[in-house]
Amino acid sequence: MSDVQSRGSGSDSAPVLEARGLSRSFGPVEVLGNIGFGLKAGEIHAIIGENGAGKSTLMKILSGHLAPTRGDILLDGEPVRFSGPVEAEARGIVLVHQEILLAPDLTVAQNIYLGREVSRGLTMNDRAMNEGAAEAVRSLGAALDPRATVARLSIAQRQIVQIARSLLVPHRVVIFDEPTASLTPHETEALLRVIGDIRAKGVGVLYISHRLPEVKEIADRVTVLRDGRLVATHASAELQPADMARLMVGRDVAKLYPERHAERAPEPVLRVEEFTVPGHAEAASFTLNKGEILGFAGLIGAGRTELMEGIVGLRPGHGSIHLNGASARFPSVHASLKAGIAYLSEDRKGKGLLLAKDLATNLTLAAVERFRRGIGIDRRRERAALDTAIRDFDIRTGRTDLLAGQLSGGNQQKLLIAKMMLLDPRIVIIDEPTRGIDIGTKQQIYSFIAGLAAEGRSIIVVSSEMPELIGICDRILVMRSGRIVGEVAGERMTEDEIVVLATGVETREAA
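Since this is a predicted model, take the numbers as computed values, not measurements. (Residues numbered from 1 in each chain as written. Predicted model: local features only at pLDDT ≥ 70, side-chain atom pairs only at ≥ 80, totals over all residues. Heavy atoms only, no water.)

Peer 1: How do you make sense of the overall build of the chain when you look at a structure like this?
Peer 2: If you tally the helices and strands in the chain, you get 17 helices and 24 strands. Computed over C-alpha atoms, the radius of gyration of the chain comes to 24 Å, within 12% of the 24 Å expected from 2.2 N^0.38 for 511 residues, which places it in the range of a compact globule. C-alpha extents for the chain along the principal axes are approximately 70 × 55 × 55 Å. For the chain, with 511 residues in total, the buried portion stands at 52%. By element, 51% of the accessible surface of the chain is carried by carbon and sulfur atoms, the whole surface being about 22,700 Å². (Helix = DSSP H or I, 4+ residues; strand = E, 2+ residues; numbered from the N terminus. Rg over C-alpha atoms; globule rule 2.2 N^0.38 Å. Buried < 20%, exposed > 50% of the residue type's maximum accessible area, 1.4 Å probe, protein only. Areas by Shrake-Rupley, 256 points an atom, 1.4 Å probe, with all protein chains shown as cover.)

The following block contains the structure:
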């Protein structure tokens, strides 16, 4: 049993934090109803459920970011009402957000100490803050320059900074909302050790994650939500990941990946040769065939995302690109879209969707010319397109006038896919297609991807989840330090083979 798995000793103690009948409505829509459970000191209590089940809303209520419509929060057995997150933090309740909430123009150290700066006389003690920030990040198994500007960091690195900032506050209860969604396996392992250390100090931990094996490894108890209602609470020892998935979605999801489509003769549609994205990817060469799902694996920072952004014109790059046998060059993303290549960013909240705009605007934005009527937009056709997308991609929304930011993560991803498919692309590049998405929605998105390939479209999937790549791809290319270092296919498409190529280190025992 790992250090993380050694359970806390607070099983017989009274809850340090308790929810009784908590409910929350947004207008006429109740997103959370009559939720009750307790968190004990020295316990890790996982809250799981599909996207839209109400997990994040519940966590925001417990941490003072939202007020409940009904119900009570008890701290040490006494009812409390938080005026906001500052008061909740003052009482020892800290939320590590799923969304990245950092100041991009400030350094790592400045973000970690923002609002709690260390002073020396009348000036800021930058040396002390840099040293403290470096140690806080190092404790999470990462190495970041505390003087680096956050805007220059990857999504995973920003998540590390955000977690380090949250843990700097004195805490009795820490709420982690999808903390490992952007992390590498190494960073995840380090974070789980840190969380185990937090529990050992008598701190209560609420833990949200869609990675069910991770929940099984770390949690003492598991509470399952579905459609804003409490389904069950069980000791983790009583559940396997398959049991958790079944409780979450109300059906058996043992068959997560779709059947592989029949192999076809290779018919190249995209050939990339000696393509370089300065500072990120060097001399990358590969071929994508018609109807193929081609995976790109590698550690965070290997250059996969930057290579794709360079190819579609989102960042400077140079090399040779051939599309359907003809030489091509994409100086901008508009040029690649016009050529039939759609790119779905890993950062759906920051780059993929306009969260403050309604669903119809988001859906039709990339194909807006198709919906013009004179100098305006044909709203009737736009609404009809949205109705079709909601049906075809199972976008679960109570109302069509919601803002994109009001959708769950999984439904935002479905909206992003529907948006790009309005352009009828022949090549689709999807970066981290299921990051922060529950297992039921993952199953749907894998089915969507397989369906696109069956139609003869060609798909590139960039993912940090090796089981995902192995489950849906025909071939996988592996990148390390900006270079494509190998390909795996058929029986060689295993996690061991990918790890060896991604790290350059042989991990398997000699026969």
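Peer 1: Quick question: what am I supposed to make of the sheet that holds strand β1 (residues 15–26) here?
Peer 2: Pairing between sheet strands relies on hydrogen bonds along the backbone, with the strands arranged either parallel or antiparallel. Taken in spatial order, the 4 strands make up an open sheet running β2-β1-β4-β5, and their pairing is antiparallel. Both edges of this open sheet fall to β2 (29–40) and β5 (78–80), since each of them pairs with a single strand only. With direction set aside, neighbouring strand axes in the sheet form an average angle of 25°. Pairing of β1 with strand β4 (residues 70–75), which is carried by 5 bridges, proceeds in the antiparallel orientation. (Pairing = 2+ DSSP bridges. Axes fitted to C-alpha atoms, helices over the stretch in contact; angles between N-to-C directions.)

Peer 1: Is there a simple way to think about the packing of aromatic side chains in this case?
Peer 2: Each aromatic ring pair is described using two quantities: the centre-to-centre distance and the angle formed by the ring planes. Inspection of every chain in the model, using the stated rule, returns 4 aromatic pairs. Seen in terms of ring centroids, phenylalanine 286 and phenylalanine 296 are 5.1 Å apart; in terms of plane orientation they differ by 75°. Their pairing is edge-to-face. Taken together, the residues span a long stretch of sequence, with phenylalanine 286 in strand β14 (residues 281–289) and phenylalanine 296 in strand β15 (residues 293–297) at a distance of 10 residues. The residues phenylalanine 286 and phenylalanine 296 share a single accessibility class, namely buried. A cation over an aromatic ring shows up here: arginine 24 above the ring of phenylalanine 26, its NZ or CZ 4.6 Å from the ring centre. Above the face of the phenylalanine 371 ring, arginine 381 is positioned so that its terminal group lies 5.2 Å from the ring centre. (Phe/Tyr/Trp six-rings, centres within 6.5 Å; stacked < 30°, edge-to-face > 60°. Lys NZ or Arg CZ within 6 Å of the ring centre and 35° of its normal.)

Peer 1: I keep staring at the pattern of salt bridges and nothing clicks. Help me out?
Peer 2: Side chains bearing opposite charge may pair, as long as their charged atoms lie close to each other. Overall, the coordinates contain 28 salt bridges when judged by the stated rule. Put simply, arginine 271 and glutamate 273 hold a salt bridge, and the shortest N to O gap is 2.9 Å. In this structure, glutamate 432 engages arginine 435 in a salt bridge whose closest nitrogen and oxygen atoms are separated by 3.3 Å. A residue is classified by how much of its surface remains accessible, and arginine 435, at 10% relative accessible area, is buried. One network of salt bridges, with partners in common, ties together Glu30, Arg70 and Arg229. (Salt bridge = Lys/Arg side-chain N within 4 Å of Asp/Glu carboxyl O.)

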